[in-house]
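Coordinates in review
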Amino acid sequence: MVSINYANIKKYDDLEEVFDANILITGSLARQKEEISENTWKVAFDDKFIQKLTIKDLEQFIERLVQTRIRQLERQMNHTPVTFYVWFDDMSLHLCFDFLSGKGIKLPFGCKLNLLSSIEPVLKSFLTEAQRAAIHGHVNIDDLIFFSPGDPGLDDEEPEWIQDVYVTTLQA
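Residues numbered from 1 in each chain as written. Predicted model: local features only at pLDDT ≥ 70, side-chain atom pairs only at ≥ 80, totals over all residues. Heavy atoms only, no water.

1. Topic: the nonpolar core
- Ranked by internal contacts, the top residues of the largest apolar core, which has 41 residues, are Phe45, Ile62, Phe84, Val86, Phe97 and Phe99.
- If we ignore the near neighbours within four places in the chain, the residues touching phenylalanine 45 are Asn8, Ile9, Leu15, Ile50, Leu53, Leu58 and Phe126.
- One finds Ile36, Tyr85, Trp87 and Leu100 within the second-largest nonpolar core, a separate group that totals eight residues. (Core = buried A, V, L, I, M, F, W, Y, C linked by side-chain atoms within 4.5 Å. Buried < 20%, exposed > 50% of the residue type's maximum accessible area, 1.4 Å probe, protein only. Contact = heavy atoms within 4.5 Å.)

What follows is the structure, encoded as structure tokens:
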């Protein structure tokens, strides 16, 4: 089973937990699950803190994260190409990212992907939804609609989920 790293950010200093984490880049497809366990992060932000953040803050966070990981790889003398990808998990309101060995690799998602060349749309979606939830509250049970067998539209095929993902290749 693959475990994932979680961080709940309440203030800027809490980001250090993410920066201080080690990176594992093996260069081996056979060890991809191990890399996912070590390198995948789901980051949540405190409701009060997220209201203060801007896109620029998130871009600076990502830039520092990437630079930190590149320096770690340089210290390890590891020159394996690394795929860095970022997505927004809108069900959990997490900003997620991962680093995996290789270039042009198949990403470990179970849905169709919309690969983005800019991180901005992912960060904007995350910040917009997280701030909305912080201001207006998270899911309200009264807003949920329950269906029963036989209800019109219940048996209609659900559209396939397409996940926006920013992807780039890093080289130490």
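2. A look at the pattern of salt bridges
- Enumeration according to the criterion identifies six salt bridges in this entry.
- Linking aspartate 14 and lysine 11 is a salt bridge whose minimum nitrogen-to-oxygen distance equals 3.1 Å.
- The closest approach of N and O atoms between glutamate 120 and lysine 124, which form a salt bridge, is 2.9 Å. Here the residue glutamate 120 and the residue lysine 124 both occupy positions in helix H5 (residues 120–136), the gap between them amounting to four residues, near one helical turn.
- Using a relative accessible area of 42% as the deciding quantity, one classes lysine 124 as partly exposed. (Salt bridge = Lys/Arg side-chain N within 4 Å of Asp/Glu carboxyl O. Helix = DSSP H or I, 4+ residues; strand = E, 2+ residues; numbered from the N terminus.)

3. What about the environment of glycine 27?
- Position of glycine 27 relative to the elements: it lies in the loop between helix H1 (16–20) and helix H2 (32–39).
- Note: C-alpha distance between glycine 27 and glycine 102 (75 residues apart in sequence) is 6.6 Å.
- Residues in contact with glycine 27, not counting those within four places in the same chain, are Glu35, Thr80 and Ser101.

4. Looking at the pairing of strand S6 (residues 162–170)
- Where strand S3 (residues 82–89) meets S6, six bridges bridge the pair, whose relative direction is antiparallel. By the bridge assignment, phenylalanine 84 is partnered in S6 with threonine 168. (Pairing = 2+ DSSP bridges.)

5. Considering unusual backbone geometry
- For methionine 77, which is not glycine, the phi dihedral falls at a positive 55°.
- Its location among the elements puts methionine 77 in the loop between helix H4 (55–75) and S3.
- We note that leucine 93 has phi near 60°; this positive angle belongs to a residue other than glycine.
- Counting through the fold element by element, leucine 93 comes out in the loop between S3 and strand S4 (94–101).

6. Here we look at H4
- Taking 1.5 Å of rise per residue, 21 residues should cover 30 Å, and H4 covers 30 Å from first to last C-alpha, within 8% of that figure.
- Residues Ile55, Leu58, Phe61, Ile62, Leu65, Val66, Thr68, Arg69, Ile70, Gln72 and Leu73 constitute the buried set of H4.
- The secondary structure elements touched by the buried residues of H4 are H1, strand S2 (41–45), S3, S4, H5 and S6.
- Positive backbone phi, at 55°, marks methionine 77, one or two positions downstream of H4. (Expected span 1.5 Å × (residues − 1).)

7. Comments concerning H5
- With 17 residues, H5 should reach 24 Å at 1.5 Å per residue; the first-to-last C-alpha distance of 24 Å fits that figure.
- Buried within H5 we find Val122, Leu123, Phe126, Leu127, Ala130, Gln131, Ala133 and Ala134. Down the axis of H5, the buried set is contained in an arc of 160°. They therefore lie on one face. In H5, the exposed positions that point more than 90 degrees away from the buried face belong to Ile135 and His136.
- Remark: glycine 137 follows H5 within two positions and exhibits a positive phi of approximately 95°. (Arc of directions from axis to C-beta.)

8. Quick notes on the packing of H4 against H5
- Remark: H4 packs on H5, axes separated minimally by 10 Å, with the N-to-C direction vectors making an angle of 125°. Comparing their axes, H5 and H4 come out oblique. In the packing of H4 onto H5, the handedness of the crossing is right-handed. Touching Ile55, Leu58, Glu59 and Ile62 of H4 are Glu120, Leu123, Lys124, Phe126 and Leu127, all from H5. (Axes fitted to C-alpha atoms, helices over the stretch in contact; angles between N-to-C directions. Parallel < 35°, antiparallel > 145°, perpendicular 65-115°, else oblique. Left-handed = near helix turned anticlockwise from the far one by under 90°.)

9. Some words on the sheet that holds S3
- Taken together, the six strands give an open sheet; going across it, the order is S1-S2-S4-S3-S6-S5, and neighbouring strands pair in mixed fashion. Taken across any chain shown, the strands that pair with only one partner, and hence form the sheet edges, are strand S1 (5–9) and strand S5 (112–116). The average undirected angle you get between the axes of adjacent strands in this sheet is 25°.
- Pairing of S2 with S4 involves three bridges; the strand directions are antiparallel. Paired with valine 43 across the bridge in S4 is leucine 95.
- Sheet contacts for H5: S2, S3, S4, S5 and S6; angle to S3, the most-contacted strand, approximately 30°.

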